[in-house]
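Each chain is listed here by its residues.
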Number of protein chains: 2
Amino acid sequence: MRIAIDAMGTDAAPAVEVEGALRALTELEDDIELVLVGDPDLIRAELARHDASESPRLGIRPATDRVRAGDSPATVLRKKPDSSIAVGLRLHKEGEVDAFVSAGSTGAVMAASLFLLRPLPGVERPSVGTFFPTRGAPTLLLDAGTNVDCKPRHLVQFAHLGRVYMADVLGLDSPRIGLLNIGEEPEKGNELTQETHRLLAADPGLNFVGNIEGREILEGTCDVLVADGFAGNVLLKFYESAAHFVLGLVAAELAKSGEARPLDSVARLLDYSEYGGAPLLGVNGVTIICHGGSPPKAIRNAIRVAAQAVRSDMVADMAAELDSDRKTPEHP
Amino acid sequence: MRIAIDAMGTDAAPAVEVEGALRALTELEDDIELVLVGDPDLIRAELARHDASESPRLGIRPATDRVRAGDSPATVLRKKPDSSIAVGLRLHKEGEVDAFVSAGSTGAVMAASLFLLRPLPGVERPSVGTFFPTRGAPTLLLDAGTNVDCKPRHLVQFAHLGRVYMADVLGLDSPRIGLLNIGEEPEKGNELTQETHRLLAADPGLNFVGNIEGREILEGTCDVLVADGFAGNVLLKFYESAAHFVLGLVAAELAKSGEARPLDSVARLLDYSEYGGAPLLGVNGVTIICHGGSPPKAIRNAIRVAAQAVRSDMVADMAAELDSDRKTPEHP
């Protein structure tokens, strides 16, 4: 299989992307071929620093432009058709590669993926999922901020997208689906979550474990946490800052008694950017989005995730699961 | 002034309430008189343990019944008219006391307060606010879970209720009002927060500091954080669990190197239950709700807060601020 890597996405591009790609080639399965998309001179210079060069498993596809933080996501394809994001996603659309990994602007990668790859039939709202650490395995939060105003049926679609992802890419037998809510009982919550609870509970294709309260989220009681993108994004951003806030309090407390212990290992455990990227789910293709501050390991992990999505036929499985009787009109 | 204390509210009632009341009498201003509402025999026994008894500043009002966790909040007044919550709030309604403090069921105290004290004119949704710790002073979150489906005008009312509370009870000159949102720019967010931003920004009576993102919440950049009760409650419950989760990780890390340091001081700092209770804002009276697991100090703090609300004429100030041209019909 072939995977295109946006070489111009991170804050330290293309050094991080090149190192991540090289690590993927040596550490992951042999059937993976990579295409680095970006400025050929810069990419070759980085390869040279690692005593590496182009090879049958490592190609370069020139892209003369680059999406910047200030660019409007909606107009990237039109205004920057030669950007690494546009070139890489066209490779995917045209079947030259099987997946696309980028640490560029999330909005731009999303918008370009939606336009070029198109949503799968039965998916009204493709969704970017994000993993966060818990006492158990990391939980996939869907939606993490893409879709801020949702109907109950959208949340049900998120549940199915998440189910297939966790089954295909992480190999879970029967992924547990939870609904972010306030209170455990089915009748708790706002209009959106009350109706969503009813739909999820009645869906025979889902292992629905019920409402997940704020205080339960970190217990690892579900594999996929379904939420509207507003609540999901509030939660995600707050998690990061709360973790750093508490670590800061602890460091200050330890310093009082003359100790100054590095808590880096804890901070790293809490850093969800290392988990292998955020998958864009519900489009006719595999797009994995990494944080702009990603280290090489995160790029390598995202490549591993993309490869597993291709290998497991994730997109075909999602298409089969979503384009079914679940799209019935009685869902509000 | 006189303040009624529900003596039967905490998990350790009435011991905690009696000790908290006695501490309030010795530590707070002399003009405060307290009425303990509950089982007279149990209350007298607790007083005796502290070598105290009834006095002109410390009365007992018998209440033969008690609201239990399983009781439906909506029917408490009808089914348990002799409960300490019902008796205490009737004292307030009839003007025998100026405020009511309870650590009983939040739902029951809310419902009974709404029915007996009534919402102020111009307040469609009275709201329970909760303080949480930040790098700066604690922030008041409004709404913290009472009103899960809100319109923009409800959030504007929360902003005014919070403004008056922080000005009157905490003595802030010009409380900073923030809107919980995803993204800093005015146009970010869902339909609710976009429209609410417009209304708050156009309101000359508010010191609106703009959108507050999840990652900013703990910076202490606002004094009142306005949110719909769903997002607010998710945030609040998640904060508590995230803090404990991170503390647990740190403790495990320290234990690895043979250290086992108590992090109790940090845990205590993060415990918002010690902050003096959650005020019910927007009714024609002063109701302060404490956590069921409150220690005596929290009861004492809630009494201090209630006294300050009475002393500052908070209810009259809220009535004057809310029952104004802000109730204009063009607000959606």
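Rules and cut-offs
- Residues numbered from 1 in each chain as written.
- Chains lettered and ligands numbered in written order.
- Predicted model: local features only at pLDDT ≥ 70, side-chain atom pairs only at ≥ 80, totals over all residues.
- Heavy atoms only, no water.
- Helix = DSSP H or I, 4+ residues; strand = E, 2+ residues; numbered from the N terminus.
- Buried < 20%, exposed > 50% of the residue type's maximum accessible area, 1.4 Å probe, protein only.
- Contact = heavy atoms within 4.5 Å.
- Salt bridge = Lys/Arg side-chain N within 4 Å of Asp/Glu carboxyl O.
- Pairing = 2+ DSSP bridges.
- Axes fitted to C-alpha atoms, helices over the stretch in contact; angles between N-to-C directions.
- Expected span 1.5 Å × (residues − 1).
- Buried area = accessible area lost by both parts, 1.4 Å probe.
- Polar contact = N/O pair within 3.5 Å; in protein donor to acceptor, adjacent residues only side chain to side chain.
- Nonpolar A, V, L, I, M, F, W, Y, C, P; charged D, E, K, R; others polar.
- Parallel < 35°, antiparallel > 145°, perpendicular 65-115°, else oblique.
- Left-handed = near helix turned anticlockwise from the far one by under 90°.
- Least-squares fit on C-alpha atoms with pLDDT ≥ 70 in both.

Some remarks on the environment of Ala144 of chain B
Residues and elements named next belong to chain B.
Logical step 1: Along the chain, Ala144 turns up in the loop between strand 7 (139-142) and helix 6 (152-168).
Logical step 2: With a relative accessible area of 9%, Ala144 lands in the buried category.
Logical step 3: In contact with Ala144, not counting residues within four places along its chain, are Val128, Thr130, Gly229, Gly232, Asn233 and Leu236.

Considerations on the environment of Ala201 of chain B
Logical step 1: Looking at the element boundaries, Ala201 of chain B is found in helix 7 (residues 191-201).
Logical step 2: Note: C-alpha distance between Ala201 of chain B and Glu216 of chain B (15 residues apart in sequence) is 19 Å.

Considerations on the pattern of salt bridges
Logical step 1: By the definition in use, this model includes 34 salt bridges over all chains.
Logical step 2: Its salt-bridge partner being Glu96 of chain B, residue Arg61 of chain B comes within 2.9 Å of it at the nearest N-O pair. You can see Arg61 of chain B sitting in strand 3 (residues 58-62) and its partner Glu96 of chain B sitting in the loop between helix 4 (84-93) and strand 4 (99-102), a full 35 residues away along the chain.
Logical step 3: Through salt bridges that share partners, Arg23, Glu27 and Arg300 of chain A make up one connected network.

What about the sheet that holds strand 3 of chain B?
All names here are of chain B.
Logical step 1: The seven strands lie next to each other as 3-2-1-4-12-11-5, forming an open sheet whose pairing is mixed. Each edge of the sheet is formed by a strand with only one pairing partner; in this case those strands are strand 3 and strand 5 (127-128).
Logical step 2: As judged from the three bridges shared by strand 1 (residues 2-6) and strand 4, these two strands associate in the parallel manner. Across the sheet, the residue bridging to Ile5 is Val101, located in strand 4.
Logical step 3: Packed onto the sheet, helix 1 (residues 15-27) meets strand 1, strand 2 (33-38) and strand 3 and runs at close to 175° relative to strand 2.
Logical step 4: Running at roughly 165° to strand 4, helix 4 makes contact with strand 1, strand 2, strand 3, strand 4 and strand 12 (287-289) of the sheet.

A word on helix 5 (residues 106-117) of chain A
All names here are of chain A.
Logical step 1: In a regular helix each residue adds 1.5 Å, so twelve residues correspond to 16 Å; helix 5 covers 16 Å between its end C-alpha atoms and thus fits that length.
Logical step 2: Taken together, the buried positions of helix 5 are Ala108, Val109, Met110, Ala112, Ser113, Leu116 and Leu117.
Logical step 3: For helix 5, the elements touching its buried residues are helix 3 (76-79), helix 4 (84-93), strand 4 (99-102), strand 5 (127-128), strand 11 (278-281) and strand 12 (287-289).
Logical step 4: Positive phi shows up at Arg118, right after helix 5, with a value of about 70°.

Structural notes on the interface of chain B and chain A
Logical step 1: Contacts between chain B and chain A engage 46 residues on the former and 46 residues on the latter.
Logical step 2: Between chain B and chain A, a total of about 4,200 Å² is buried, with carbon and sulfur atoms accounting for 73% of that surface.
Logical step 3: On inspection of chain B and its partner chain A, the count reaches two salt bridges.
Logical step 4: Lys237 of chain B is paired through a salt bridge with Glu213 of chain A; the nearest N and O atoms lie 2.4 Å apart.
Logical step 5: Counting the contacts that link chain B with chain A gives six residue pairs in polar contact (both at pLDDT 80 or more).
Logical step 6: Broken down by secondary-structure element, the contributors of at least two residues to the side of chain B that touches chain A are helix 7, helix 8 (229-256) and helix 9 (264-269) of chain B.
Logical step 7: For the side of chain B that touches chain A, the leading source of residues is helix 8 of chain B, giving 20 residues.
Logical step 8: In terms of residue class, the side of chain B that touches chain A is made up of 24 nonpolar, twelve polar and ten charged.

Concerning the packing of helix 4 of chain B against helix 5 (residues 106-117) of chain B
All names here are of chain B.
Logical step 1: Running from amino to carboxyl end, helix 4 crosses helix 5 at an angle of 30°, the nearest separation of the two axes being 10 Å. The angle between helix 4 and helix 5 places the two elements in the roughly parallel class. Pair helix 4 / helix 5 crosses with right-handed handedness. Residues Ile85, Ala86, Leu89, Arg90, His92 and Lys93 of helix 4 lie in contact with helix 5, whose contacting residues are Ala108, Val109, Ala112, Ser113, Leu116 and Leu117.
Logical step 2: Split into classes, the residues belonging to the contact of helix 4 with helix 5 amount to eight nonpolar, two polar and two charged.

Here's the deal with the relation of the copies chain B and chain A
Logical step 1: Expressed as a screw operation, the relation of chain B to chain A combines 0.0 Å of axial shift with a rotation of 180°, fitting to an RMSD of 0.0 Å. Viewed as a symmetry operation, the transformation between the two copies matches a two-fold axis. No C-alpha of chain B approaches the rotation axis more nearly than that of Ala231 of chain B, which lies at 2.9 Å.

What to know about the sheet that holds strand 10 (residues 224-226) of chain A
All names here are of chain A.
Logical step 1: The sheet built from five strands is open, its strands ordered 6-7-10-8-9 with mixed pairing. Each end of this open sheet is capped by a strand with a single partner; those strands are strand 6 (130-132) and strand 9 (207-212). Pairs of neighbouring strands in the sheet enclose a mean axial angle of 30°, with direction left out of account.
Logical step 2: Judged from the five bridges that link them, strand 8 (residues 176-180) and strand 9 form a sheet pairing that is parallel. Within the sheet, the bridge partner assigned to Leu179 lies in strand 9 and is Asn211.
Logical step 3: Across the sheet, helix 8 (residues 229-256) is in contact with strand 6, strand 7 (139-142), strand 8 and strand 10; its angle to strand 6 comes to roughly 45°.

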